[in-house]
Amino acid sequence: MKISRFLPTSGKVTAGLIIVFIFALIAIFGPMVTDYAPRQTGNPPLAPPSADHWFGTTQIGQDVFSQFVHGARISLGIGLFAGALSQVVSVIVGLVGGYFRGLADEVLYIITAVFLVIPGMPLLVVLTGYLPTRGMISVAIVITITSWAASARVLRAQTMSLRNRDFVEAARASGESRLRILFAEIMPNALPVVASGFLFSTIAAILAEAGLSFLGLGSLTTVSWGSMLYFAQNSQALLAGAWWWFVPPGLAIAIIGAGLALINFGIDEYANPRLRTGKSRAKAVKGSGMRQTAMSSAAASAEAGAAEGGSTVRSGLSDPSNEEASSPGVAQAAHEQVRASAEPQLRKPDVPGDPVITVRDLVVDYPIAEGTVRAVDHVSITLHRGEVLGLAGESGSGKSTLTNAITRLLRSPAEVVGGEITYHRGVSRSGGSDRGDIDLLNISSGDLRALRWSELAIVFQSAMNALNPVTRISAQFDDVVKVHRPGMAPKARRELAKVMLEKVGIDPERVDAYPHELSGGMKQRVAIAIALVLEPDVIIMDEPTTALDLLIQREVLDQVMQLRDEYGFAVIFTTHDLALLLEISDTIAVMQQGVLVEYGPGEAVHADPRHPYTQTLLRSLADLGANV
Ligand SMILES: Nc1ncnc2c1ncn2[C@@H]1O[C@H](COP(=O)(O)OP(=O)(O)OP(=O)(O)O)[C@@H](O)[C@H]1O
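Residues numbered from 1 in each chain as written. Predicted model: local features only at pLDDT ≥ 70, side-chain atom pairs only at ≥ 80, totals over all residues.

In the annotation of an unreviewed UniProt entry, the entry for the protein chain reads ABC-type dipeptide/oligopeptide/nickel transport system ATPase component, and the organism field reads Bogoriella caseilytica.

Printed below as a string of structure tokens:
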């Protein structure tokens, strides 16, 4: 495990950590290097900084440096203690209320709301007035009482959204105790909120202590940055020109506050792996761990087969347990090894229509901290009008990267480093002359918006996520139609939505339903109907039926094929299910480690697979069939 993976990638976070580290050193070691006790008098009064007194002296001859370093211990100590205490209260109130709901939640929520509306500083002042002692712990407790509510409210909302997620349901179903679900399942997902709450409470506590001490309400027998400011102000240090007395504590409070705020920027980076460039690892884990399909196991045997033949095809980043394979060199070399192990087998597709999309020599890289992942390596394919192009390949082989490049949905850090993608507009449905070609990689964002959906539509893997849960189906059709057919009347749009629903086998009266009122299969059909509503030339379907059971999958696919016959759109269909692809595709493209290893007419690929990887995939299918 490399330490560099845990180092912050952002300069802001590094700066924040350095600041906090320096102050921690000052608080820990500072008191050891000073010759003076913080309250010791007898030195020359109001002496400016000198070799004897680095930060000068106070009006009664105390050493300011000594007070500053001792004060650092107290101020930081109170900040951290009150910050931690306030988070403990927030976590308990937020998690318990958000998870258990009911009366407990109502009571806790009312208390939280009351604390939120009471202004913090006046409450602090009142509470400190009633303190039996003004010790630092008492001050920290008072600060906690006034600062826990904001974070508790955010945590409650987060818990409410997490409590219905599948992994929590699964934990409940597996019999985990409520306490465990709260603290082992939900809490880790809420950690970014807790961590950022902690940082802000710490800053607030340092400021509150300084404020209270400055007002003379803190513990004036203890040296803190706040009490230094109090005495400096009471002795009119400003008028006396003794800047060295109040500038160090004032500046320190400002700098440590900035440092903690800068660290807060880093929390998201750690909480969300996608924000870190090491996303490929996360994807690889997901790919190799979660989707154990026939294809990925077949890929494993393909590798074994290749190894027997003398050349090894490594799965590169797709095996997280393999440290060697995860190293950047191997990641970069994986596609080269695929090419070296066997020549790609590319045959001309056997489709009558004109080309509608041509991908030529496309190369897409993901530069990550550990090196560059070449996700698509010199891929060329042609999609013809009305053609169903089946895109197969193990998880992580580059299918989504290829289709996302076509739809221009690639996300950072993806970089298209070579090749062309051309959309051939052809003649319009109403006839006329050829409308020419569009260079998809260099299209303007305005043209891209106009093209997407009206000519190039997408059906995402999970309709569950693609449909907005809080708007009716009719409104979701409207979203698309209004943008591209601005002149269409609301009534006509509603009728169009109904027609489209009927086409995908859904009762048109369900047009006013919300997504949660539909079954999984129905939702996927709605997603397909929305993709079809503007009669596009091309639909990209990224594993559109994976989440459905076999019977529904079959029904949805039959429907897609019927609609294809009716509308004549071309489809790029991505799936792990090779058997399904063989059945529906005119052309098959098989990818491995970003390389297009087999390409050709579906029947020809089925009858005569030429690449060892495709052969193994098909053999494993045959074995599966034999075993059933
Ligand atoms: N944002 C990213 N940063 C770094 N590497 C990435 C990123 N997205 C994808 N990759 C890498 O690019 C390669 C191709 O990934 P891609 O998602 O295109 O594969 P896929 O065949 O669509 O996989 P799946 O079927 O699991 O969706 C993989 O090695 C993956 O780890």
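(A) Layout of the overall build of the protein chain. Counting its secondary structure elements, the protein chain contains 23 helices and eleven strands. In the protein chain, which comprises 628 residues, the proportion classed as buried is 40%. Sequence separation of at least 24 residues holds for 69% of the intrachain contacts in the protein chain that already meet a minimum separation of 6. (Helix = DSSP H or I, 4+ residues; strand = E, 2+ residues; numbered from the N terminus. Buried ≥ 20, exposed ≤ 12 C-beta atoms within 10 Å, placed from the backbone. Contact = placed C-beta atoms within 7 Å.)

(B) Highlighting the sheet that holds strand 7 (residues 456-459). In spatial order, the strands read 1-11-10-4-9-8-7; together these seven strands make up an open sheet with mixed pairing. Where the open sheet ends on each side, the last strands, each with one partner, are strand 1 (345-346) and strand 7. Here helix 14 (residues 399-406) sits on the sheet in contact with strand 4 (388-393), strand 8 (538-542), strand 9 (570-574) and strand 10 (587-592), set at roughly 150° to strand 8. Where helix 19 (residues 520-532) meets the sheet, it contacts strand 7 and strand 8, and its direction lies at approximately 175° from that of strand 7. (Pairing = 2+ DSSP bridges. Axes fitted to C-alpha atoms, helices over the stretch in contact; angles between N-to-C directions.)

(C) Molecular detail of the pairing of strand 10. In terms of burial, strand 10 is largely enclosed, as six of its six residues are buried. Sheet topology places strand 4 next to strand 10; five bridges connect them, and they run parallel. Note that in strand 10 the partner of alanine 392 across the bridge is valine 590. Examined bridge by bridge, strand 10 and strand 11 (residues 595-601) share six bridges and lie antiparallel to one another. Of the residues in strand 11, the one forming a bridge with methionine 591 is leucine 596. Following strand 10, the chain reverses through two residues before pairing antiparallel with strand 11; glutamine 593 in that reversal takes a positive phi of roughly 50°.

(D) Representation of unusual backbone geometry. In this model, serine 412 is joined to proline 413 through a cis peptide bond whose omega is 10°. Notably, aspartate 361 is not glycine yet its phi reads approximately 55°, a positive angle. The residue aspartate 361 is located in strand 2 (residues 355-368) in this model. A positive phi angle is found at glutamine 593, which is not glycine, with a value near 50°. Within the fold, glutamine 593 resides in the loop between strand 10 and strand 11. C-beta crowding within 10 Å serves as the criterion here: with 30 such atoms nearby, glutamine 593 is assigned to the buried category.

(E) Molecular detail of the confidence of the model for the protein chain. Summary statistics for the protein chain give a mean pLDDT of 81 and a share of 83% for residues scoring 70 or more. Here residues 278-330 scores under 50 on pLDDT; set against residues more than four positions off or in separate chains, the count is 93 contacts. (pLDDT = per-residue confidence, 0-100.)

(F) Up close: the nonpolar core. The biggest cluster of nonpolar side chains holds 73 residues, and the ones touching the most others in it are Leu389, Ala529, Ala531, Val538, Ile539, Val571 and Ala589. The element best represented in this core is helix 19, accounting for eight residues. Beyond its immediate sequence surroundings of up to four residues, alanine 589 is in contact with Ile381, Leu389, Leu391, Leu596 and Tyr599. In terms of nonpolar packing, the next biggest core, distinct from the first, is built from 59 residues, Phe68, Ala204, Trp225 and Ala237 among them. (Core = buried A, V, L, I, M, F, W, Y, C linked by C-beta atoms within 7 Å.)

(G) View of the environment of methionine 591. Take methionine 591: it is sitting in strand 10. Along the primary structure methionine 591 and lysine 399 are separated by 192 residues, whereas in three dimensions their C-alpha atoms are 7.1 Å apart. Here methionine 591 is in contact with Leu391, Gly393, Ser397, Gly398, Lys399, Leu596 and Val597, once residues within four sequence places are set aside.

(H) Molecular detail of helix 18 (residues 490-503). The terminal C-alpha atoms of helix 18, which comprises 14 residues, lie 20 Å apart, in line with the 20 Å expected from a rise of 1.5 Å per residue. Burial in helix 18 covers these residues: Ala497, Met500 and Leu501. Looking straight down helix 18, one finds its buried side chains confined to an arc of 100°; they lie on one side. Away from its buried face, by an angle of more than 90 degrees, helix 18 presents the exposed residues Lys491, Ala492 and Val499. At its buried positions, helix 18 is contacted by helix 17 (473-484) and helix 19. Of the residues flanking the end of helix 18, it is glycine 505, one or two places downstream, whose phi is positive at about 80°. (Expected span 1.5 Å × (residues − 1). Arc of directions from axis to C-beta.)

(I) Structural detail: the sheet that holds strand 3 (residues 371-384). Ordered by their spatial adjacency, four strands build an open sheet running 3-2-5-6, and the pairing between neighbours is antiparallel. In the strand order of this sheet, the two ends are held by strand 3 and strand 6 (437-439), each with one partner. Taken over all neighbouring pairs, the strand axes of this sheet differ in orientation by 10° on average, direction set aside. Inspection of the sheet shows strand 2 paired to strand 3 by ten bridges, in the antiparallel sense. By the bridge assignment for strand 3, proline 367 is matched with threonine 372.

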